[in-house]
Amino acid sequence: MGVTCHSVSGHVIGLDLACSGLQGKIHPNNTLFHLTHLQTLNFAFNNFDGSELPSQFGKLVSLTHLNLSYCGFEGDIPSQISHLSKLQSLDLSSFYHGLMWEETTLKRLLQNTSLREIVLDKTDMSSIGPTPNPLSLIANLSSTLVTLSLFYTEIEGFIPNDILCLPNLQHLILSKNKLSVHPSELSCTTSLSILELVWCEIQGPISSPFSNLTHLTSLNLAQNRFNGSFPSSLLNHQRLTHLDLSWNELSGQVPNVFDRLTNLQTLSLSDNNFEGKLPSSLFTLTQLSQLDCSFNQFEGSLPKQVAFSNLTQLFLEGNLLNGTIPSSILSLKFLRGLDLSENQFTGHISSEISSYFLEYLHLCNNKLQGNFPESIYHLVNLTSLCLSSTSWSSTVHFSLFSRLQNLEYLSLSGCNSLLLESETSINHTFFNLRVLQLFSNNIIGWSKFSGKFPQLEFLELSSNKLEGKVPKWIHDIHSLIHLKLSHNSFTSIGHQFPWYQCQYLDLSFNLMDDDISSFFCNVTSPNIINLSHNKFTGTFPQCLANRSSLTDLDLQMNKLHGTLPDIFKPVTPETLNLNGNQFRGLLPKSLSNSMYLVDLDLGNNQFEDTFPNWLQNLSSLEILVLRANKLYGPIANLKSEKIFPSLIIFDISCNNFKGSLPKAYIQNFQAMKIVGDEMQSRLVDYIETGGGGSIVVDNILPEYYNSVIATVKGANTRFAKIPTAFVNIDLSENKFEGEIPDDFGELHGLIGLNLSHNRLVGHIPYSLGNLTNLESLDLSSNMLTGNIPTELTNLNFLEVLNLSQNQLVGPIPRGKQFDTFSNDSYKGNMGLCGLPLSVQCNNNVPLQQYPPSEAEDKFGFGWKPVAIGYACGMVLGIGLGFCVFSIGKPQWLVIMFGGKRIKRRRRGNRRARTT
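Quick caveat: nothing in here was measured; it's all calculated off a predicted structure.

(A) Just the packing of aromatic side chains, in detail. Counted by the stated rule, this structure contains 30 aromatic pairs. Centre to centre, the rings of Phe-48 and Phe-73 are 5.2 Å apart; their planes meet at 15 degrees, and the pair counts as stacked. Placement of the pair is Phe-48 in the loop between β3 (40–42) and β4 (65–67) and Phe-73 in the loop between β4 and β5 (75–76), with a sequence separation of 25 residues. Using a relative accessible area of 4% as the deciding quantity, one classes Phe-48 as buried. On the accessibility criterion, Phe-73 (4% relative accessible area) is buried. With a centroid separation of 6.2 Å and 45 degrees between ring planes, the pair formed by Phe-449 and Phe-453 is classed as tilted. We note that Phe-449, like Phe-453, is buried. Three or more aromatic residues joined by ring pairs form one cluster here, namely Phe-372, Tyr-377, Phe-398, Phe-401, Phe-430, Phe-449, Phe-453 and Trp-473. Above the ring of Tyr-96, the side-chain terminus of Lys-122 is found at 5.2 Å from the ring centroid. The side chain of Lys-176 reaches across the aromatic face of Tyr-152, ending 4.0 Å from its centre.

And the structure:
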């Protein structure tokens, strides 16, 4: 921060107020705009939240450098910005598209200036293009550009060849846009040094025309959809220092020719499908000017490969690489970051790790074995270490990690023996540790541990068979933001709840029986609380219902009771799961104001109410489970175009609902009409630390997956993570009546449909044959009639079919999945015939076949008396027919069969009546 004045005139020519805590609004009459001699102005990272960018900046016509980045300005960028004809550097980077561009404003700016640096990250350019898009305007009008950064600006269309051919361009960043590229047009050779096309959704192989960008030093094509093999043409870019092809669909082996890239410092091929062994060329001799081997007594020849390389960061996680990890990789002199996790490496890790500059070492989720490498305890520069899911045969001494004073992230799991216990006379303090993950271990001496963690924010001890009360050393960590102790045998938290700053708390799948009525009311800003599958008692904590920060609350499978408070705030929660408790009373109508509610599971309680029609307009609601309560009455067929538009799980089974099926709802289940891959995937939350040369640490915060119990394929199934393609309707065990609406056939995303144990009548709709993704169909225990539609044979994924206990008739369809179902699918339908039943069909009419003895016993006599009676009856019928034909209907015969005598009308008597 400072002021710069001209050495002769004394005019203010430079003003730097970046990060100064400025707030409010810059008014048009502000004296700032009187500084007409200003050449550089930096207001970056102040807070003018929501105010418009003043057009008066256009009066500062002497400006050459203007930085108004991340100041919170919103609205259209004023056209007066184009009056700054002397501008060389402009940075208007915005928060979440707060500033918006018009085509005329951008075009005039480019025409009136000779900009060398344009940084417009997160400004909104969606109104420009796609033909021409902003890149085309810049390429046509700007020949002086050195740096162009348009990160997340909503640009669409093609990357024009001209943008890469700008003669002075060195840095090009187009990350997170919707761009595509014609590699065949990328034919120019420029001075481009940095090319970043991250998350632009570019498809296809990385073609050879990129090789024409011969001055590239940094190439980032991460998070696209590139496929094919590793582009060998890139290995000719000898100036490359940074290469990032991560998060693509590349496959095959990594070529063993990296010794060509003599300047390569950072290589990231993470999250692709590469296989095979690590290329040894990554670790070979490069640019070693002198090797002095004098005064030694070597025998034999010198090694062909010397462990010396310029590599400082190597990221290959999330592939299919195999083989052993060569010791040479852990001996690279300048190596600072190595990530080989999520692969298929086997064997041992070298006991001697001599890359003493290592800051980031991740080898987790491989198949490594052997002794724990104790040389790790001497890597004093380590800030992040992950060795999870590895079966170490030796004991891991946790207390020794306190030697690593710079350690911030530590993840260990799968250890056969993790010794946590320490000598009481030694005070083990982990000064900088922020994240500690010790899940799925065999922990020894954990209750006697007395370490101190003054900075710890994330602690995970799940799946360790830990027992008793939560120990004191965990109670003493008051800095905790994230605590996960799930899948253990803890019986109690203790007398007090000490983690008041906690935002994520997971104590699920334990044996805790504390009373939670007011236990968590001192937590200041909870986001996610999961106490499910315990023995917690008490009533619902009313304080939690009133917390605006709470997004996910899971209390399912406990012993909670009482009524629910009707005080839920409009912004909370996103997930509310109270399944399997003893709650009673009315459903809280205040939930209708929870605009972000996604998952509502109140099943298996004792609520007594009518159907909550007031939830129908919640546009985000995806899961509604009300099964096994005391809900009653009809479900109104409301007339609205937006009834549960996002719902994918609808379970109101085992209640007392009656009337017809809710046809209006079925017609408006829009999300259920979308099939599989078309469904919008859930966002994955992650946290990153970086900047200033530090190493990025991903996935510190694990995803919180909503869980639900649904009846699928005839069995109750608990989903810990709900698949986005799982679409299920369960209306079973109610008192619904009437016919099954044809509208079910439009819900093409359905995986499971259960209408069993109701009072439904009529035919099975032919439209159900359109549900080609259906895996389970249960229509049992109703009063359905007619044939089984042959269209149901189109259901190629159908694994469970139950049509039992109805009144269906006719032949059972044959072919495809229907040939796999057993008798149980059809029992109780006396009119059905054909395989797999033993009842044969005769001209599509079932013919009951009884053994001779059974037929005689059934009527008490044999077939001969029946034949005689049949013949006599036929003779009598013919005689009566001849009589009627000859003399008309005899009155005695009419009266016998219930007719009335007809009195003949006398002639001349108009008042005579017939009876």
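That shown, we press on.
(B) Just unusual backbone geometry, in detail. Along the chain, Thr-131 connects to Pro-132 via a cis peptide bond; the corresponding omega equals -5 degrees. Secondary-structure assignment places Pro-132 in the loop between β8 (117–119) and α2 (134–141). A cis geometry characterises the amide bond from Leu-835 onward to Pro-836, with omega recorded as 10 degrees. Looking at where Pro-836 falls in the secondary structure, it is placed in the loop between β61 (831–833) and β62 (841–842). Backbone geometry places Lys-465, a non-glycine residue, at a positive phi of 60 degrees.

(C) A look at the nonpolar core. By size, the foremost hydrophobic cluster in this structure holds 224 residues, and its most contacted members are Phe-398, Phe-401 and Phe-744. Of all the elements in the fold, those that place two or more residues in this core are α1 (103–112), α2, α3 (161–164), α4 (472–475), α5 (542–545), β47 (623–625), β49 (649–651) and α6 (663–667). If near-sequence neighbours (up to four positions away) are discounted, Phe-744 is found in contact with Leu-661, Ile-666, Ile-729, Leu-731, Leu-753, Leu-755, Leu-768 and Leu-771. Counting five residues, the second-largest nonpolar core is a separate cluster that includes Cys-364, Tyr-409, Val-435 and Phe-458.

(D) Local environment of the environment of Leu-505. Of note, Leu-505 is situated in strand β38 (residues 504–506). Separated by 21 residues in the primary sequence, Leu-505 and Pro-526 place their C-alpha atoms 8.1 Å from one another.

(E) Quick peek at the confidence of the model for the protein chain. Residues with a pLDDT of 70 or more make up 81% of the protein chain, whose mean pLDDT is 82. Taken as a whole, residues 718–724 scores under 50 in pLDDT and shows 28 contacts with residues more than four places along the chain or in a different chain. Counting contacts from residues 846–868, a segment whose pLDDT is below 50, to residues more than four positions away or on other chains yields 14 contacts.

(F) The state of the cysteines, seen in detail. All told, the structure shown has three disulfides when counted by the stated rule. Between Cys-364 and Cys-386 runs a disulfide, and the two sulfur atoms are separated by 2.4 Å. Judged by the torsion about the S-S bond (115 degrees), the Cys-364/Cys-386 disulfide is right-handed. Within this pair, whereas Cys-364 is found in the loop between β25 (360–362) and β26 (367–370), its partner Cys-386 is found in strand β27 (residues 384–386), the two being separated by 22 residues in sequence. What makes Cys-386 buried here is its relative accessible area of 4%.

(G) Representation of the pattern of salt bridges. Counted by the stated rule, this structure contains eight salt bridges. A salt bridge links Arg-336 to Glu-359, with the shortest nitrogen-to-oxygen separation between them at 3.1 Å. Here the residue Arg-336 occupies a position in the loop between β22 (320–324) and β23 (337–339), and Glu-359 occupies one in the loop between β24 (344–347) and β25, the gap between them amounting to 23 residues. One salt bridge connects Asp-819 with Arg-814, and the closest N-O pair in it is separated by 3.3 Å. Of the residues examined, Asp-819 reaches a relative accessible area of 46% and is grouped as partly exposed. Residues joined by salt bridges that share partners form a network here, namely Arg-627, Asp-651 and Asp-730.

Rules behind the numbers
All chains use their own residue numbering, which begins from 1 and follows the written sequence. Local features in this predicted model are restricted to residues whose pLDDT is 70 or higher, and side-chain atom pairs enter the listing and the counts only when it is 80 or higher, whereas totals over whole chains, interfaces and linings include all residues. Excluding hydrogens and water, the side-chain values take into account all heavy atoms of the structure. Two rings from Phe, Tyr or Trp (for Trp, the six-membered ring) form a pair when their centres sit within 6.5 Å of each other. Planes less than 30 degrees apart are called stacked, planes more than 60 degrees apart edge-to-face, and all others tilted. Put simply, DSSP marks the helices as runs of H or I at least four residues long and the strands as runs of E at least two long, and each gets a number from the N terminus on. Throughout, exposure labels follow a simple rule: accessible area from a 1.4 Å probe, protein chains only, divided by the maximum for the residue type, with under 20% read as buried, over 50% as exposed, and the rest as partly exposed. Either the NZ atom of lysine or the CZ atom of arginine qualifies as a charge over a ring when it sits within 6 Å of the ring centre and within 35 degrees of the ring normal. We call a set of buried residues a nonpolar core when its members are Ala, Val, Leu, Ile, Met, Phe, Trp, Tyr or Cys and they connect through side-chain atoms within 4.5 Å of each other. The contact rule is simple, with two residues in contact once any of their heavy atoms fall within 4.5 Å. Every residue is assigned a pLDDT by the predictor, reflecting its confidence on a scale from 0 to 100. Note on terminology: disulfide denotes any pair of cysteine sulfur atoms within 2.5 Å. Here, a salt bridge means any side-chain nitrogen of Lys or Arg that lies within 4 Å of a carboxyl oxygen of Asp or Glu.

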